[in-house]
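One-letter residues, chain by chain:
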Protein chains: 2
Amino acid sequence: MPERKPGESLIKVILSGICRTDIEITRGYMNYTGIPGHEFTGVVEESDNSELIGKRVTGEINCPCGICAMCRINQGKHCFNRTTLGIFGRNGAFAEYLVLPDECLHIIPEHLSDEEAVFTEPLAAAFEITDSVHIKPTDEVLLIGAGKLGSLIAQVLKKTSCKLTVMAKHKNQSDFLKECGIDSVYPDQIPHGKIFDYAVESSGVPASFNLAIEHLRPRGTLIMKSTYHNNIKVNISALVVNEVRLIGSRCGPFAPALRALSDGSVKVKPLISDVYTLDEGLKAFEHAVKGAKGKVIIRNC
Amino acid sequence: MPERKPGESLIKVILSGICRTDIEITRGYMNYTGIPGHEFTGVVEESDNSELIGKRVTGEINCPCGICAMCRINQGKHCFNRTTLGIFGRNGAFAEYLVLPDECLHIIPEHLSDEEAVFTEPLAAAFEITDSVHIKPTDEVLLIGAGKLGSLIAQVLKKTSCKLTVMAKHKNQSDFLKECGIDSVYPDQIPHGKIFDYAVESSGVPASFNLAIEHLRPRGTLIMKSTYHNNIKVNISALVVNEVRLIGSRCGPFAPALRALSDGSVKVKPLISDVYTLDEGLKAFEHAVKGAKGKVIIRNC
């Protein structure tokens, strides 16, 4: 049972989702030791804030100190002293209980299912893109990668009415996108020399970095969602000569993610692959590692 | 004698400057064959535009087609069909004459010397930084590299009244900056862990890329002025986790460069190292390659 500090809530976990970062953590990413898991829905059992008790919540994963230089400029997710749920210095969601600061919690609208709400965190990461850059309805955008995160990004980008090209790898990815009204292409279907105003790299494959640069117009913007395990070789001169803008993009805002799930403008249900119990946690991870078709979910209760 | 096409002016070169790009070209950069040289002052001898004839000019080096997709969005310097003076598809300034489109030419104010005006092109490249991003008076900025371009960038950054730290390598660099009222430090004088809102890399040394990233705050901006000959290894994950913004930056606007030279707010005279005649061109290059203290100039007349 995790210990609740003042200003924190104790949350009984209902559902948790396995993300690629969790798998990377089992391989040594962040040198993290502790309970992983950072996508969840749960119910607040104890809190100093009585309005939260009994409420179904999901939560932002970066817990800021509130006083450092980054916190002072309202960049709590980059807090120098932060803990991060299931990733750094704070036990995570693959457990019966977790604790998070009250300020990290978001109450889930009643009509939203637990399964849908567990996508709030990755969907927020997708919304970070349109929160950081102005993608115009007249822009041409290339999205590389249509996995779990990619398919959420595709739906967020579609909202801008930009001319969107999604590069998918597997038939189940293009089938799901079709359900969302989004056409996709396979890598060999993008004409040589075709260029875009924006490229978003969310495939996790290092080769996609250079592919993205190749298909970017001069003064275009590359948005990096993928973290690669190793350093990769980059042609910096090409970035300078073409005055490319590269933007690293990580966690994002929960409020618009919950709004989009609530109003149905982003679909997530068909993305759920399989549901396991917490006791079956290792089996669930094995399934996710082997490459589940969608998100593997762990249900506690 | 170069051939003048309609819309182009024939210019008698007075002065030209040797830039690092010229040296890279002699080593095979851009696979360019032809007359190098892209920093110049000259006098228009022939033109369809009678107002230009007899005028002392300098010129933008990218000659756009005017009809391609980049030209249509007013990005002529990224024109897909461009020629670039002394760099790509167009003979350059280490000659008695050159031709450039009229639209590339800028008349040099009378009180500006030929020697000062030859710095317009590199100074414009420095102004590209403040033309691309909003560096605020409250920002902390690290400039890595105080060579010929770096010392111009330092003066442009100083105009923003930001808190500027310039990393110099040689005493003559810090001496010149001191004349401009700018303090500089040597690399080992920047405290470990010190972070900046912006880092500008203009040293040309690949190791400076990682140094810049190290000293950048989360969500900070790295402005890349250096082109490296080879691909370099980059930790992309660090850029993503810290949501760093990287901006490639090349040629810039001539008008503000001429204004700053005219009003004396940017100093260039002490940057001139040695003056050679065109006949002594090879000797001038040898001097520049060996590492002149400042800019090596070739004077025709």
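Preceding block: the structure.
Attention here is on the structure that accompanies the text. This is a predicted model, so every value here is computed, not measured. (Residues numbered from 1 in each chain as written. Chains lettered and ligands numbered in written order. Predicted model: local features only at pLDDT ≥ 70, side-chain atom pairs only at ≥ 80, totals over all residues. Heavy atoms only, no water.)

1. Some remarks on the pairing of strand β13 (residues 216–224) of chain B
All names here are of chain B.
No. 1: Within β13, eight of the nine residues are buried, leaving the element largely enclosed by the surrounding structure.
No. 2: In this sheet, β13 lies alongside strand β12 (residues 196–201) in parallel orientation, the contact comprising five bridges. When the bridges of β13 are listed, Ala199 appears paired with Leu222.
No. 3: Here β13 runs beside strand β15 (residues 245–248); their pairing, made up of four bridges, is parallel. (Buried < 20%, exposed > 50% of the residue type's maximum accessible area, 1.4 Å probe, protein only. Helix = DSSP H or I, 4+ residues; strand = E, 2+ residues; numbered from the N terminus. Pairing = 2+ DSSP bridges.)

2. Concerning helix α6 (residues 171–179) of chain A
Residue and element names in this part refer to chain A.
No. 1: Within the span of α6, buried status applies to Gln173, Ser174, Phe176 and Leu177. Projected down its long axis, α6 carries its buried residues within an arc of 160 degrees, all on one side. Of the exposed residues in α6, the ones pointing more than 90 degrees away from its buried face are Lys171, Lys178 and Glu179.
No. 2: Where the residues of α6 are buried, they touch α5 (148–158), β10 (163–167) and β11 (184–185).
No. 3: After α6 finishes, the residue Gly181 shows a positive phi value of roughly 75 degrees. (Arc of directions from axis to C-beta. Contact = heavy atoms within 4.5 Å.)

3. Some details on the interface of chain B and chain A
No. 1: Of the residues lining the interface, 40 residues belong to chain B; the matching set on chain A comes to 40 residues.
No. 2: Taken over both partners, the interface formed by chain B and chain A buries close to 3300 Å², and the fraction arising from carbon and sulfur atoms is 61%.
No. 3: Taken as a group, Ile236, Val240 and Glu243 of chain B account for 18% of the area that chain B buries against chain A, more than any other trio of residues on that side.
No. 4: One can count four salt bridges joining chain B with chain A.
No. 5: A salt bridge links Glu128 of chain B to Arg219 of chain A; its shortest N-O distance comes to 2.2 Å.
No. 6: For the side of chain B that touches chain A, the secondary-structure elements that each account for two or more residues are α4 (120–132), β13, β14 (232–234), α8 (236–241) and β15 of chain B.
No. 7: Among the elements that make up the side of chain B that touches chain A, the one with the highest residue count is α8 of chain B (five residues).
No. 8: Grouping the constituent residues of the side of chain B that touches chain A by class yields 19 nonpolar, eleven polar and ten charged. (Buried area = accessible area lost by both parts, 1.4 Å probe. Salt bridge = Lys/Arg side-chain N within 4 Å of Asp/Glu carboxyl O. Nonpolar A, V, L, I, M, F, W, Y, C, P; charged D, E, K, R; others polar.)

4. Points about helix α7 (residues 207–214) of chain A
An α-helical turn contains 3.6 residues, so a residue and the one three or four places further along point in the same direction.
All names here are of chain A.
No. 1: Regarding α7, the residues found buried are Ser208, Phe209, Ala212 and Ile213. Along the long axis of α7, the arc covered by the buried residues comes to 140 degrees, so they all point the same way. Of the exposed residues in α7, the ones pointing more than 90 degrees away from its buried face are Ala207 and Glu214.

5. Side note on the environment of Lys194 of chain A
All names here are of chain A.
No. 1: If you trace the backbone, Lys194 turns up in the loop between β11 and β12 (196–201).
No. 2: Judged by its relative accessible area of 26%, Lys194 is partly exposed.
No. 3: Separated by 39 residues in sequence, Lys194 and Gln155 have C-alpha atoms that sit 22 Å apart.
No. 4: Those residues in contact with Lys194 that lie beyond four places of it in its chain are Glu140 and His215.
No. 5: Of note is the side chain of Lys194, whose polar atom sits 2.7 Å from the side chain of Glu140. (Polar contact = N/O pair within 3.5 Å; in protein donor to acceptor, adjacent residues only side chain to side chain.)

6. Considering the state of the cysteines
Residues and elements named next belong to chain A.
No. 1: Here the structure, examined in full by the defined rule, presents zero disulfides over all chains.
No. 2: Cysteine Cys19 is unpaired, with the sulfur of Cys251 as its nearest cysteine sulfur at 9.5 Å.
No. 3: A relative accessible area of 15% means that Cys19 is categorised as buried.
No. 4: A disulfide-free cysteine, Cys162 has its sulfur positioned 15 Å from the sulfur of Cys180, the nearest such atom.
No. 5: A residue is classified by how much of its surface remains accessible, and Cys162, at 10% relative accessible area, is buried. (Disulfide = S-S within 2.5 Å.)

7. Some remarks on the nonpolar core
No. 1: By size, the foremost hydrophobic cluster in this structure holds 43 residues, and its most contacted members are Leu123 and Leu157 of chain A.
No. 2: Once residues within four sequence positions are removed from consideration, Leu157 of chain A is found in contact with Ile129, Ile135, Val141, Leu143, Cys162, Leu164 and Val200 of chain A.
No. 3: Core analysis: the next-biggest nonpolar cluster, separate from the first, contains 42 residues, Val133, Ala168, Cys180 and Leu261 of chain B among them. (Core = buried A, V, L, I, M, F, W, Y, C linked by side-chain atoms within 4.5 Å.)

8. Looking at the packing of helix α4 (residues 120–132) of chain A against α5 of chain A
Between two packed helices, what matters for the description is the angle formed by their axes and the separation of those axes.
Residue and element names in this part refer to chain A.
No. 1: For the pair α4 and α5, the least separation of the axes is 9 Å and the interaxial angle reads 45 degrees. Accordingly, the angle class assigned to the pair α4 and α5 is oblique. In this structure, the crossing between α4 and α5 has a hand that is right-handed. Residue-level inspection shows Pro122, Leu123, Ala125, Ala126, Phe127, Ile129 and Thr130 of α4 in contact with α5, the latter providing Leu149, Leu152, Ile153, Val156 and Leu157. (Axes fitted to C-alpha atoms, helices over the stretch in contact; angles between N-to-C directions. Parallel < 35°, antiparallel > 145°, perpendicular 65-115°, else oblique. Left-handed = near helix turned anticlockwise from the far one by under 90°.)

9. Description of the pattern of salt bridges
Residue and element names in this part refer to chain A.
No. 1: Evaluation of the coordinates by the stated rule reveals 30 salt bridges over all chains.
No. 2: Its salt-bridge partner being Asp48, residue Arg4 comes within 3.0 Å of it at the nearest N-O pair. Of this pair, Arg4 sits in the segment before β1 (8–17) while Asp48 sits in the loop between β2 (39–46) and β3 (56–59), placing them 44 residues apart in sequence.
No. 3: Classification of Arg4 as partly exposed rests on a relative accessible area of 28%.
No. 4: Of the charged contacts, one joins Arg299 and Asp114 as a salt bridge, the two residues approaching to 3.9 Å between their closest N and O atoms.

10. Regarding the side chain of Ser9 of chain B
Residue and element names in this part refer to chain B.
No. 1: By secondary structure assignment, the location of Ser9 is in strand β1 (residues 8–17).
No. 2: Judged by relative accessible area, which is 0%, Ser9 ranks as buried.
No. 3: A polar side-chain atom of Ser9 sits 2.6 Å from a polar atom in the side chain of Asp102.

11. Section: the pairing of strand β2 (residues 39–46) of chain B
Residue and element names in this part refer to chain B.
No. 1: Note: β1 against β2, seven bridges, orientation antiparallel. Across the sheet, residue Gly17 finds its bridge partner in β2, namely Glu39.
No. 2: Sheet topology places β2 next to strand β3 (residues 56–59); two bridges connect them, and they run antiparallel. Bridging from a neighbouring strand, Val43 pairs with Arg56 of β3.

12. Topic: the side chain of Asp197 of chain B
Residue and element names in this part refer to chain B.
No. 1: Mapped onto the elements, Asp197 comes out in strand β12.
No. 2: On the basis of relative accessible area, Asp197 is assigned to the buried category, the value being 16%.
No. 3: Here Arg217 takes part through its side chain, which lies 2.6 Å from a polar atom of the side chain of Asp197.
No. 4: Leave out the neighbours within four places in its chain, and Asp197 touches Thr138, Asp139, Glu140, Leu216, Arg217, Gly220 and Thr221.

13. Structural notes on the sheet that holds β12 of chain B
Through backbone hydrogen bonds, the strands of a sheet pair up, either in parallel or in antiparallel fashion.
No. 1: Pairing is mixed across the open sheet formed by twelve strands, whose spatial order is β11(A)-β10(A)-β9(A)-β12(A)-β13(A)-β15(A)-β15(B)-β13(B)-β12(B)-β9(B)-β10(B)-β11(B). At either end of the open sheet lies a strand with only one pairing partner, and these are β11 of chain A together with β11 (184–185) of chain B.
No. 2: Relative to the sheet, α5 of chain A contacts β9 (140–144), β10 and β12 of chain A, its axis offset from that of β9 of chain A by approximately 170 degrees.
No. 3: Sheet strands touched by α7 of chain A: β9, β10, β12, β13 (216–224) and β15 (245–248) of chain A. Its angle to β13 of chain A, the strand with the most contacts, is close to 150 degrees.

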